[in-house]
Amino acid sequence: MSRRNIKKQIRGQRAVDGAGVHMVRVLGYHDVKEFDPFLMMDSFDSTNPAHYIAGFPMHPHRGIETVTYLISGRIDHKDSLGNKGTINSGECQWMTAGSGILHEEMPQPSEKMLGLQLWLNLPREEKMADPAYLPITKDMIPRVPSGNATVGVLSGSFQGAKGVTPKHIPATIYDVELPKGEEITLPTNSEETVYIFLIQGDGVVEDQNIPEKTAILFGEGDEITVKASKSRDLRFILFSGRPLHEPIAWGGPIAMNTQKELDLAFDELRRGTFIKHK
């Protein structure tokens, strides 16, 4: 096995989005080539409901999937298909925007809002797929002991335990809890882009101290090794997915392959013909 080395580090930056939601923006426009097929990632971490209850009122998406994972908190949602529901603590929602959807996400007051939202790029031939939801409840996320660590398998598999298998982008996502001072080595697919996000606590990789709310992109190899700091438990999320190597035309909540496709999407929004599904 060959160990992956650090290729890039990105420290999340505080930002405000939606109708006034305070968050940490980690991945964005400038990172798409290196992090392919992952487009964007935001993290939420607040004990003050005033920082997030304004939420994300009805807005469009096309050409992507959104993955919302809550370690703690609650988000109510509804969409143009007539769906509505709630993402609770320890749950995940994998939404395929595909040909186009309008939806809103409204975080509710909680003791602590902690989680993230990831955007995944859809391949060219699947960008106009029918919108769909894949709700991932607590009972669908096996928690696997690995030494003194625990690996939650949202998607993919780990030591025989299987999470969900997404239809379009079969990305692997782990939620790893690592006690202070402990170390874990995780196998990775050598053909995929692999990064981790330190959502709680500081980590040590290649003898480098990495602060909380940092994304670490790894180079080529078959495995990664991560250690928690000596002073605090670490919780990190691992993401792995096969790169698409396709051109990206990205504007706001829509990601297509060409500027013409992107312009058409926004023109359809203006004309009220954006929603393609029945």
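So, here is what we can say about the structure in this document. (Residues numbered from 1 in each chain as written. Predicted model: local features only at pLDDT ≥ 70, side-chain atom pairs only at ≥ 80, totals over all residues. Heavy atoms only, no water.)

Remarks on the environment of S43
Here's step 1: Among the secondary structure elements, S43 is positioned in strand 4 (residues 38-46).
Here's step 2: Setting aside its immediate chain neighbours within four residues, S43 contacts M23, V24, G115, L116, F197, I199 and K213.
Here's step 3: Only 3.3 Å separates the side chain of S43 from the backbone oxygen of G115, close enough to count as a polar contact. (Helix = DSSP H or I, 4+ residues; strand = E, 2+ residues; numbered from the N terminus. Contact = heavy atoms within 4.5 Å. Polar contact = N/O pair within 3.5 Å; in protein donor to acceptor, adjacent residues only side chain to side chain.)

Some points on unusual backbone geometry
Here's step 1: With an omega of 15°, the peptide bond between D36 and P37 qualifies as cis.
Here's step 2: Along the polypeptide, P37 turns up in the loop between helix 1 (32-35) and strand 4.
Here's step 3: Phi is positive for D207, which is not a glycine, with a value near 65°.
Here's step 4: With respect to the secondary-structure elements, D207 resides in the loop between strand 20 (203-205) and strand 21 (208-210).
Here's step 5: The class for D207 is exposed, based on a relative accessible area of 77%. (Buried < 20%, exposed > 50% of the residue type's maximum accessible area, 1.4 Å probe, protein only.)

Here we look at the environment of M23
Here's step 1: Note that M23 resides in strand 3 (residues 21-27).
Here's step 2: M23 sits in the buried class, given a relative accessible area of 2%.
Here's step 3: Spatially, the C-alpha atoms of M23 and L116 are 9.2 Å apart, while their sequence positions differ by 93 residues.
Here's step 4: Other than its neighbours up to four places away in sequence, M23 contacts Q13, R14, A15, D17, D42, S43, F44 and F56.

A closer look at the environment of T137
Here's step 1: Tracing the backbone through its elements, the reader meets T137 in the loop between strand 12 (132-136) and strand 13 (143-146).
Here's step 2: Taking relative accessible area as the criterion, T137 reaches 27% and is therefore assigned partly exposed.
Here's step 3: Within the structure, T137 has its side chain in polar contact with the side chain of D139 (distance 2.5 Å).

Some words on the sheet that holds strand 20
Within a sheet, each strand pairs with its neighbour through backbone hydrogen bonds, oriented either parallel or antiparallel.
Here's step 1: The strand order across the open sheet built from 4 strands is 18-23-20-21, with neighbouring strands paired in antiparallel fashion. Sheet topology places strand 18 (183-187) and strand 21 at the edges, where each strand pairs with a single neighbour. Direction aside, the axes of adjacent strands within the sheet are offset by 30° on average.
Here's step 2: Two strands pair when backbone bridges link them, and strand 20 and strand 23 (residues 223-228) are joined in this way by 2 bridges, in the antiparallel orientation. Opposite G203, over in strand 23, you have A228 as the bridge partner. (Pairing = 2+ DSSP bridges. Axes fitted to C-alpha atoms, helices over the stretch in contact; angles between N-to-C directions.)

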